[in-house]
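Structure at a glance
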Amino acid sequence: MSRLAEQFERYDGLGLAELIRTKEVTAEDVLAATLDRIDARNPAINAIVTRMDDHARAAIRAGLPDGPFKGVPYLLKDLGALYTGVVTSYGSKLFAANVADHDSEIVARMKRAGLVIVGKSNTPEMGIAASTEPRLFGPTRNPWSREHSAGGSSGGAAAAVAAGIVPIAHATDGGGSIRIPASACGLFGLKPTRARNPMGPDAGEGWSGSSVGHAVTWSVRDSAALLDATSGPDVGDPYWAPPPARPFLQEVGRDPGRLRIALTATPWIEGPVDPECVEAARAAAKLCASLGHHIEEARPQIDEIAWSLARRTIVTASLTFVLDTRATALGRALTESDVERITWERVQEARAYSAADYARAIHTVHRTGRAVARFLETYDVILTPTMAQPPQPLGVLSLSNPDTGAFTRAANASVGFTALFNTSGHPAMSVPLAMSKSGLPLGVQFAARFGDEATLLRLASQLEAAAPWKDRRPLKL
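Below: a short report on this structure. Remember, it's a predicted structure, so these values are computed and weren't measured experimentally.

1. Details of the packing of aromatic side chains
- Evaluation of the coordinates by the stated rule reveals 4 aromatic pairs.
- Taking 5.8 Å as the distance between ring centres and 85° as the angle between the ring planes, the aromatic pair formed by Trp 268 and Phe 421 counts as edge-to-face. Placement of Trp 268 in the loop between strand S9 (260-263) and helix H9 (275-290) and of Phe 421 in helix H14 (residues 419-424) is noted, with a sequence separation of 153 residues between them. Here Trp 268 matches Phe 421 in class, with each residue buried.
- Considering the side-chain rings of Phe 375 and Tyr 379, the 4.9 Å spacing of their centres and the 25° angle between planes classify their relative orientation as stacked. Tyr 379 carries the same exposure label as Phe 375, and that label is buried.
- Joined through ring pairs, the aromatic side chains of Trp 268, Phe 417 and Phe 421 make up one cluster.
- Looking at Lys 111, its charged tip hangs above the ring of Tyr 83, at a distance of 4.1 Å from the centre.

Structure below.
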């Protein structure tokens, strides 16, 4: 047990599962080490907002399924993933008493994989910010610099993994919410293809198809193995991603071949790009070239103004629907005091849209997705910075920030490269290949053809071998 406590961070999720499988340690040992780390490290970063110690102990006592992650500690994001008997708050006081009476399908699959869910991770209100600073729970702090954002909306998940509390954690991504915190915290973050993972039984899709769930991880193989465990259609899903040719874990270490990679450092949402982020992408391109890949400067051409308006329409409309539904369930109308300042601004925007505006937005995002798909008939992969700016100081991206202009500029810098692939549905990943001069992680984004996580996982494992990042950790908390 003492050896495990000292060497916990040496192991990814599959590594811990192997220790349990070979009886070097028990699931109880691993849970005890995890809870000790939550006690010691979470107060400094505020990554975990709901403890589930008793649920975790009960799951082990009941007997864990013999899945690939048997006994491995895991966090659920406090948004969109229901666990029976536990609150899912969406980072909002409106949902602070929202106790689930059933599991989401993806949670049921996590349990079958053997994961031991130890808590809920922090998220901004309704997941609509690129930093995790909800009024309900307070800000999550980046383990690399506690005055900076850990990203959002899966910032609690990323901070907990970066801090060595758990090796992997659940995350969701509707505009960059896996990739942004992965970039900010120095982790691997894969956003799967649209509908790769189920969202039922409570929804068929999120944000009109833009949102999908998966995880943030240290290792590429954990991400692949978890996707094997959770992906695939659920009964009643309106659509699903193309089935993979083989298990995703089998792609890790497989030769990706000579890829044709399109490099761009120009975001699809206009704004300045920090030179360090540009250099991170260009250095990644050089690394790819040294591995035998062909690099060209090119980017998909879209109607960026129409696309940005369409995204805004869909997100604000979806947000307002969920908030209004919750308020109705509570027997009243939604009020300004129920939500944070910028959340309320988004609701007011949505109330001004018409049904035709929403239909137009759907038409625009479908047209945009086709443009990206046609571009990827020529190229195998698109390479960009993950974010246009390094992680922001805390406060700028708070939904309670009184300066809407500053919030909007920082938000655009966060999602300017990532959000396009939510709209198009293509898989994309942030790979932790760079550090800023100030010591903050900088991710590099790669996107591939629809349904082609295989190419990304092959490339990611090649990059992981060429430029290993797992031993590059923040200072001990």
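2. Brief notes about the side chain of His 170
- Within the fold, His 170 resides in strand S6 (residues 168-173).
- Residue classification places His 170 among the buried residues on the basis of a relative accessible area of 2%.
- Other than its neighbours up to four places away in sequence, His 170 contacts Tyr 74, Leu 75, Leu 76, Lys 77, Leu 79, Ala 81, Met 110, Ala 157, His 214 and Ala 215.

3. Brief notes about the environment of Ile 295
- If you trace the backbone, Ile 295 turns up in strand S10 (residues 294-297).
- Among the residues examined, Ile 295 registers a relative accessible area of 25% and is labelled partly exposed.
- Sequence-wise, Ile 295 and Leu 263 are 32 residues apart; in three dimensions their C-alpha atoms are separated by 6.7 Å.
- Ignoring anything within four residues of it in the chain, the contact list for Ile 295 reads Ile 261, Leu 263, Ala 285, Cys 288 and Ala 289.

4. Describing the sheet that holds strand S11 (residues 381-385)
- Taken in spatial order, the 8 strands of this open sheet run S6-S8-S7-S12-S13-S11-S9-S10, and their pairing is mixed. Single-partner strands in this sheet number two, and they are S6 and S10. Direction aside, neighbouring strands of the sheet carry axes that sit 25° apart on average.
- The pairing of strand S7 (residues 188-191) with strand S8 (residues 212-217) spans 3 bridges and is antiparallel.

Cut-offs used in this document
Residues numbered from 1 in each chain as written. Predicted model: local features only at pLDDT ≥ 70, side-chain atom pairs only at ≥ 80, totals over all residues. Heavy atoms only, no water. Phe/Tyr/Trp six-rings, centres within 6.5 Å; stacked < 30°, edge-to-face > 60°. Helix = DSSP H or I, 4+ residues; strand = E, 2+ residues; numbered from the N terminus. Buried < 20%, exposed > 50% of the residue type's maximum accessible area, 1.4 Å probe, protein only. Lys NZ or Arg CZ within 6 Å of the ring centre and 35° of its normal. Contact = heavy atoms within 4.5 Å. Pairing = 2+ DSSP bridges. Axes fitted to C-alpha atoms, helices over the stretch in contact; angles between N-to-C directions.

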